[in-house]
Amino acid sequence: MSAKKGRILTGHRPTGPRHIGHLMGTLETWARLQDTYECFFLVADLHVLTTDYEHPQRVRENTLGIVLDWLAAGIDPDRSTLVLQSAVPAHTQLDTLLGMLVTVSRLNRVPTYKEQVKELHLQPSLGLLAYPVLQAADILVYKANTVPVGEDQLPHIELTREVARRFNQLYGETFPEPDGLLSSTPRLPGTDNRTMHTSYGNAIFLRDTPEETARKVMSMYTDPTRIHANDPGHVEGNPLFAYLDAFNPNQAEVDELKARYRSGTVGDVEVKRRLAVVLNEYLAPIRRRREQLAARPDYLVDILRTGTTRAREQAGKTLAEVQERMGLATNLIQSIPQTGGRGPATSEYQPEQLLYVP
Ligand code: TRP
């Protein structure tokens, strides 16, 4: 591990099944980065609650669901650490402490926050406003120096850097200023050519069957200017060809299809049939792995438990250091374990519910 380039912390909110946009844009990059970095992959379940606190059943289902999709896509629990955010109390403890160093007006200017308030027409909660502070805590609690994210997340990384800098100035060098790492893979459009999104009905999911996948492909948006199969067609901005570029390893075949499409010698239906085959071939090994894992929910829980335990150790150390530097006497009286165990079960608490696998 020490021979590696540095430490990565990144993650997703468990908002639903992962789709082929996540696979190409994110998960394959993460899987590759495991070779060169020590990686922590965070299931950001607390962040889900900043908007979706009314649907606990959904959060519960999506939590193990996302672990399943990640592992199927090549996240390797033997080399990387999978962390359940809500089970590492140091995240929220550090969140509270870093919150002292961030002004409300700074948080009001975060673009993701402004956009969400506008688009979702919601009365922002304290939790939503403080979203990026918790994210900064996620990253800094492991002293990660690299954070692979989508472009929309860069303002959160910027805020993380500011907090780290401010902390270091006030209390002495503690945190590295982490860098965002953008994926070079072009974004895959949805089947309707809008942004691919779990809730737009335009996504192809890793968990879809080959038949569902083929059906989605056959109904894909193509070139709206093309009425007959022998009209010359447009390849640019046509999601059929964005997908073929991404999933067909045979570039010569793709080039030939493009040429025939432009000259009006191949119909949409033929291209779609070919794409359905190519896409299903690409996804086959991922789906096979996914099915095998889905049959072993206890194993998934184990992976998450093992990773989270390892994460607690790391995070606990950083938290102790931060408490000390900020003048808190926490560690002086530290006979109380920091790990925040489960505690006595309440009457309605049923841990088996966590074993749900979609
Ligand atoms: N905000 C991220 C997203 O919506 C998820 C996330 C939470 C995250 N904590 C993080 C990403 C820390 C990178 C680092 O995608």
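The structure under discussion appears in the preceding block.
Visitor: Whenever I open this one, the site of the ligand confuses me. Can you help?
Guide: Close to the ligand lie 14 residues, the nearest being Arg13, Tyr131, Gln135, Asp138 and Gln153. Separating a nitrogen atom of the ligand from a side-chain N or O atom of aspartate 138 is a distance of 2.7 Å. Protein contact buries 93% of the 360 Å² of open area that the ligand shows by itself. Sorting the residues of the shell around the ligand by element identifies strand 1 (7–12), helix 8 (131–140) and strand 4 (146–149) as the ones contributing at least two each. When the residues that make up the shell around the ligand are grouped by side-chain class, the tally is seven nonpolar, five polar and two charged.

Visitor: Looking at this structure, how should I read the nonpolar core?
Guide: Taken as a class, soluble globular proteins show a tendency for nonpolar side chains to be buried jointly. Formed by 53 residues in total, the largest nonpolar core has its most connected members in Ile20, Trp70 and Tyr243. Only helix 1 (20–33), strand 2 (38–43), helix 3 (56–72), strand 3 (81–84), helix 11 (239–247), helix 12 (251–262), helix 13 (268–294) and helix 14 (297–325) provide two or more residues apiece to this core. It is helix 13 that contributes the most residues to this core, eight residues altogether. Grouped together as the second largest cluster of nonpolar side chains are 37 residues, Leu94, Leu97, Val133 and Leu140 included.

Visitor: Quick question: what am I supposed to make of unusual backbone geometry here?
Guide: Excluding glycine, residues mostly have negative phi values, and the peptide bonds linking residues are mostly trans. The backbone of histidine 121 shows a phi angle near 50 degrees, a positive value even though the residue is not glycine. Within the fold, histidine 121 resides in the loop between helix 6 (111–120) and helix 7 (126–129). A positive phi angle is found at lysine 143, which is not glycine, with a value near 50 degrees. Looking at where lysine 143 falls in the secondary structure, it is placed in the loop between helix 8 and strand 4.

Here is what the cut-offs are and how they apply
Residues numbered from 1 in each chain as written. Predicted model: local features only at pLDDT ≥ 70, side-chain atom pairs only at ≥ 80, totals over all residues. Heavy atoms only, no water. Near = heavy atom within 4 Å. Polar contact = N/O pair within 3.5 Å; in protein donor to acceptor, adjacent residues only side chain to side chain. Areas by Shrake-Rupley, 256 points an atom, 1.4 Å probe, with all protein chains shown as cover. Helix = DSSP H or I, 4+ residues; strand = E, 2+ residues; numbered from the N terminus. Nonpolar A, V, L, I, M, F, W, Y, C, P; charged D, E, K, R; others polar. Core = buried A, V, L, I, M, F, W, Y, C linked by side-chain atoms within 4.5 Å. Buried < 20%, exposed > 50% of the residue type's maximum accessible area, 1.4 Å probe, protein only.

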